[in-house]
Amino acid sequence: MSDWVEACAAEDIDEEDVMRFDHAGRTYAIYRSPDDEYFATDGLCSHEKVHLADGLVMDDIIECPKHNGRFNYKTGDARGAPVCVNLKTYPVKVDAGKVLIQLG
Amino acid sequence: MVIIGAGECGGRAALTLRDLGFEGPVTLVGDEPHLPYERPPLSKEAMTSEAPFIKAIASDELLAERSIRHIHSLRVVAIDRVAHIVSLSDGSSLAYDKLLLATGSVPRKLPMPGLGGRCVYLRTFNDALAIRAHLSAGNRVAIIGGGFIGLELAASARKLGAAVTVIEAQPRILMRGVPAEIAEIIHKAHEAESVRVLTGQGIASIADDGAEVRITLADGQQVVADLAVIGIGAVPVTTLAAEAGLAIDNGIAVDGHLRTEDPDIFAAGDCCSFPLAIYGGRRVRLEAWRNAQEQGALAARNMLGADEAHAAVPWFWSDQYGLTLQIAGLSDEGKSIVRRDLDDGAFILFHLAEDGRLVAASGIGPGNAVARDIRLAEMLIAKRARPAPEALGSQAVKLKSLLAA
Ligand SMILES: Cc1cc2nc3c(=O)[nH]c(=O)nc-3n(C[C@H](O)[C@H](O)[C@H](O)COP(=O)(O)OP(=O)(O)OC[C@H]3O[C@@H](n4cnc5c(N)ncnc54)[C@H](O)[C@@H]3O)c2cc1C
Ligand code: FES
């Protein structure tokens, strides 16, 4: 398995919100859930490659800003039209106030 | 189950029937030769790409896997409501238990003599191919009508290097449904990209000799173009329903459950008019992609007996150059406007009814700058909320906090 990469400080993301994280030519989205857990997925919507970090987080759903496609950001599951391809998810941990994500 | 019209709405309805576990036969009949596809890219990225592409809603494999029979290139020409049979243009017929009319809309024809082969409309992929063939650098394109499709096409044509003139009869572009402040931003964006935008200009006559179109405006000015694209609105496709004796009222008239007066026939998407619950049952017809999707899915649920009423807030977007506009709700329901400025020049106008209820929100900005707040506004509209105008106007107050209130 590849290394853990530091993405941001835990407090950089509000509760029930999302932040964009770019690393090594790729883009990811990092989420903080309403119950204060952190998650990460690929950063682009599987419908038209739009940055999900501009979208709205509600409970465990991220909604794409462009056409409101929905994904469960905890599992990556596509939840309804127009999106049908799931998002890849990545393991996340918080260590000493830093959010780390395991890529690869 | 038989669905007439294999567009956004019909395609989504067919898939939803299967999602819900319906196991009987599902037949989707469409007169276009293609798989069900999305129309919005036709004036945008599909137009500017090397070769126009089809963004299919479902592949052949998916349709086969879900046992959806797709009959393409054939029209339904008659509905026999007593026998529960539809007839197709090749003489064949199909029996139905429940029928969905998802026949969409077609461009409104310009009622003028003189139109020829260089005067075209944009609705289908084949239309897009024909237009694309004329959009090369140096070509001249006249766009008749400053509505969304015309303006998006103007932006795409500029990207391909064509010289573009937009002719609008009304005093400003986007008269219908778009606040003046936002139309102004879009107007300026087009001028900054060297599009000639002529507003308040009626057309006196058109001469099309097959090579060139000569448009004479009411004030005598002439616009000469290699291609004229007419985008003056759309009309619902209702003939089939009317001939079957169903009520038409600016579209196939359905109730809040998308039922016609025939309990076995439903209509949804661009072709139907329906009562919009959040505005006290005001009857509307929407020409919007998400509505087609939502109504397709709702019709499918109700065809299976869900008895569910339409409750969604209308929502629409448009992309031109780097700008995206999004509108939730119907802004003409509003009596006053509160403006909220966001970063990068983006802003949202909140439309409030007399009693302070939020009835619509219109936003514009680069990329997806307004998306999140428009989505939250949509939820506030659905809740019939009366947020304090000062809170709406202040970027420091998060809209999400108003939703919880
Ligand atoms: C160029 C363009 C750009 C757009 N951009 C946007 C946008 O940015 N945002 C937005 O919200 N909306 C946009 N729209 C609107 C959106 O695409 C429509 O609202 C949507 O396609 C409506 O779906 P529908 O299934 O109701 O109708 P349609 O997509 O029109 O599908 C109806 C289908 O039924 C077929 N049909 C009709 N009668 C028969 C018959 N008797 N037998 C068999 N087949 C029949 C038609 O040929 C058609 O294929 C755009 C539309 C166009 C044309
Ligand atoms: S780009 Fe995400 S839903 Fe279309």
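Fair warning: this is a prediction, and the values are worked out from it, not measured in the lab.

### Thoughts on the overall build of chain B
Part 1 of the reasoning: A count of helical and extended segments in chain B gives 11 helices and 26 strands.
Part 2 of the reasoning: On C-alpha atoms alone, chain B measures out to a radius of gyration of 22 Å, which is about the 22 Å that the 2.2 N^0.38 rule sets for 405 residues.
Part 3 of the reasoning: Within chain B, buried positions represent 55% of all 405 residues.
Part 4 of the reasoning: In chain B, the share of contacts with a sequence separation of at least 24, taken over all contacts with a separation of at least 6, comes to 60%.
Part 5 of the reasoning: Accessible surface, chain B: about 16200 Å² in total, of which carbon and sulfur atoms supply 52%.
Part 6 of the reasoning: In chain B, which carries 40 positive and 48 negative side-chain charges, the distance between the mean positions of the two groups comes to 3 Å.

### Here's the deal with the overall build of chain A
Part 1 of the reasoning: For chain A, the count of helices and strands is 0 helices and 10 strands.
Part 2 of the reasoning: The N-to-C order of helical and strand elements in chain A reads β-β-β-β-β-β-β-β-β-β.
Part 3 of the reasoning: Relative to the globule expectation of 13 Å for 104 residues, the C-alpha radius of gyration of chain A, 13 Å, shows essentially globular dimensions.
Part 4 of the reasoning: Overall, chain A is about 40 × 25 × 20 Å in size when its C-alpha atoms are taken along their principal axes.
Part 5 of the reasoning: A buried classification covers 51% of the 104 residues belonging to chain A.
Part 6 of the reasoning: In chain A, 40% of the contacts between residues at least 6 apart in sequence involve partners at least 24 apart.

### Structural notes on the nonpolar core
All names here are of chain B.
Part 1 of the reasoning: Residues Ile3, Ile79, Val86, Leu100, Leu101 and Phe350 are the most contacted members of the largest nonpolar core, which totals 84 residues.
Part 2 of the reasoning: Residue contacts for Ile3: discarding those within four places in its chain leaves Gly10, Ala13, Ala14, Leu17, Val26, Thr27, Leu28, Val29, Leu100 and Ala102.
Part 3 of the reasoning: Residues Leu135, Ile143, Leu160 and Ile186 belong to the second largest nonpolar core, which totals 35 residues.

### Topic: the pattern of salt bridges
Part 1 of the reasoning: In total, this model carries 38 salt bridges over all chains according to the counting rule given.
Part 2 of the reasoning: The residue Arg375 of chain B makes a salt bridge to Glu63 of chain A at a minimum N-O spacing of 2.3 Å. Of the two residues, Arg375 of chain B sits in helix α9 (residues 371-382) while Glu63 of chain A sits in strand β6 (residues 61-63), which places them in two different chains.
Part 3 of the reasoning: The salt bridge involving Asp226 of chain B is made with Arg140 of chain B; its shortest N-O contact spans 3.1 Å. Pair noted here: Asp226 of chain B is in the loop between β15 (222-225) and β16 (227-230) and Arg140 of chain B is in strand β10 (residues 140-144), with a separation of 86 residues, a long-range link.
Part 4 of the reasoning: Note on Arg140 of chain B: relative accessible area 30%, which makes it partly exposed.

### As for the site of ligand 1
Residues and elements named next belong to chain B.
Part 1 of the reasoning: In the vicinity of ligand 1, 35 residues are found, and the nearest of them are Asp31, Glu32, Arg39, Lys44 and Arg123.
Part 2 of the reasoning: At a separation of 2.5 Å, an oxygen atom of ligand 1 approaches a polar side-chain atom of Asp31.
Part 3 of the reasoning: Within the side chain of Glu32, an N or O atom sits 2.6 Å from an oxygen atom of ligand 1.
Part 4 of the reasoning: Look at ligand 1: alone it shows 1000 Å² of surface, and the protein chains cover 95% of it.
Part 5 of the reasoning: Elements with a contribution of two residues or more to the shell around ligand 1: α1 (8-19), α5 (148-159), α8 (289-303) and β22 (315-320).
Part 6 of the reasoning: Class assignment of the residues belonging to the shell around ligand 1 gives a composition of 17 nonpolar, 8 polar and 10 charged.
Part 7 of the reasoning: Split by domain, the residues of the shell around ligand 1 number at least three in each of domain 1 (2-106 + 234-303) and domain 2 (109-230).

### Notes on the pairing of strand β4 (residues 76-80) of chain B
Part 1 of the reasoning: Relative to strand β5 (residues 85-88) of chain B, β4 of chain B runs antiparallel, the two being bridged by 4 bridges. Residue pairing across strands places Asp80 of chain B opposite Ile85 of chain B, the latter belonging to β5 of chain B.

### Some details on the packing of α1 of chain B against α8 of chain B
Residues and elements named next belong to chain B.
Part 1 of the reasoning: In contact at an axis separation of 7 Å, α1 and α8 are set at 35° when each is read in the N-to-C sense. Relative to α8, the crossing made by α1 is right-handed. Contact residues: α1 offers Glu8, Cys9, Arg12, Ala13, Thr16 and Leu17, while α8 offers Trp289, Ala292, Gln293, Gln295, Gly296, Ala297 and Ala300.
Part 2 of the reasoning: Looking at side-chain class alone, the contact of α1 with α8 contains 7 nonpolar, 4 polar and 2 charged residues.

### Side note on the pairing of β10 of chain B
Each regular strand displays side chains that alternate between the two surfaces of the sheet.
Residue and element names in this part refer to chain B.
Part 1 of the reasoning: Most of β10 is tucked away, with 4 of its 5 residues classed as buried.
Part 2 of the reasoning: Tracing the backbone out of β10, into α5 and back to the parallel element strand β11 (residues 163-167) gives a crossover that is right-handed.
Part 3 of the reasoning: Sheet topology places β10 next to β16; 4 bridges connect them, and they run parallel. Its bridge partner being in β16, Ala142 is matched across the sheet by Ala228.

### Regarding the interface of chain A and chain B
Part 1 of the reasoning: Across the contact, 21 residues belong to chain A and 20 residues belong to chain B.
Part 2 of the reasoning: Contact between chain A and chain B buries roughly 1600 Å² in total, counting both sides, with carbon and sulfur atoms accounting for 44%.
Part 3 of the reasoning: Sorting the residues of chain A by area buried against chain B places Leu56, Lys66 and Asn68 of chain A first, and these three jointly supply 32% of that buried surface.
Part 4 of the reasoning: Inspection of the chain A/chain B interface yields 13 residue pairs in polar contact (both at pLDDT 80 or more).
Part 5 of the reasoning: Of all elements in the fold, only β2 (17-23) and β5 (56-58) of chain A reach the threshold of two or more residues within the side of chain A that touches chain B.
Part 6 of the reasoning: At 3 residues, the largest contribution of residues to the side of chain A that touches chain B is made by β5 of chain A.
Part 7 of the reasoning: In terms of residue class, the side of chain A that touches chain B is made up of 9 nonpolar, 4 polar and 8 charged.

### As for the domain arrangement of chain B
All names here are of chain B.
Part 1 of the reasoning: The assigned domain composition of chain B is domain 1 (2-106 + 234-303), domain 2 (109-230) and domain 3 (322-404).
Part 2 of the reasoning: One C-alpha centre belongs to domain 1, the other to domain 2; they are set 30 Å apart.
Part 3 of the reasoning: Of the residues lining the interface, 19 residues belong to domain 1; the matching set on domain 2 comes to 17 residues.
Part 4 of the reasoning: Summed over both sides, the interface between domain 1 and domain 2 buries roughly 1500 Å², with carbon and sulfur atoms accounting for 61% of that surface.
Part 5 of the reasoning: A class-by-class count of the residues in the side of domain 1 that touches domain 2 yields 8 nonpolar, 5 polar and 6 charged.

Calculation rules
- Residues numbered from 1 in each chain as written.
- Chains lettered and ligands numbered in written order.
- Predicted model: local features only at pLDDT ≥ 70, side-chain atom pairs only at ≥ 80, totals over all residues.
- Heavy atoms only, no water.
- Helix = DSSP H or I, 4+ residues; strand = E, 2+ residues; numbered from the N terminus.
- Rg over C-alpha atoms; globule rule 2.2 N^0.38 Å.
- Buried < 20%, exposed > 50% of the residue type's maximum accessible area, 1.4 Å probe, protein only.
- Contact = heavy atoms within 4.5 Å.
- Areas by Shrake-Rupley, 256 points an atom, 1.4 Å probe, with all protein chains shown as cover.
- Lys, Arg positive; Asp, Glu negative; His and termini not counted.
- Charge placed at Lys NZ, Arg CZ, Asp CG, Glu CD.
- Core = buried A, V, L, I, M, F, W, Y, C linked by side-chain atoms within 4.5 Å.
- Salt bridge = Lys/Arg side-chain N within 4 Å of Asp/Glu carboxyl O.
- Near = heavy atom within 4 Å.
- Polar contact = N/O pair within 3.5 Å; in protein donor to acceptor, adjacent residues only side chain to side chain.
- Nonpolar A, V, L, I, M, F, W, Y, C, P; charged D, E, K, R; others polar.
- Domains from an automatic or database assignment.
- Pairing = 2+ DSSP bridges.
- Axes fitted to C-alpha atoms, helices over the stretch in contact; angles between N-to-C directions.
- Left-handed = near helix turned anticlockwise from the far one by under 90°.
- Right-handed = clockwise from strand over helix to strand, strands pointing away.
- Buried area = accessible area lost by both parts, 1.4 Å probe.

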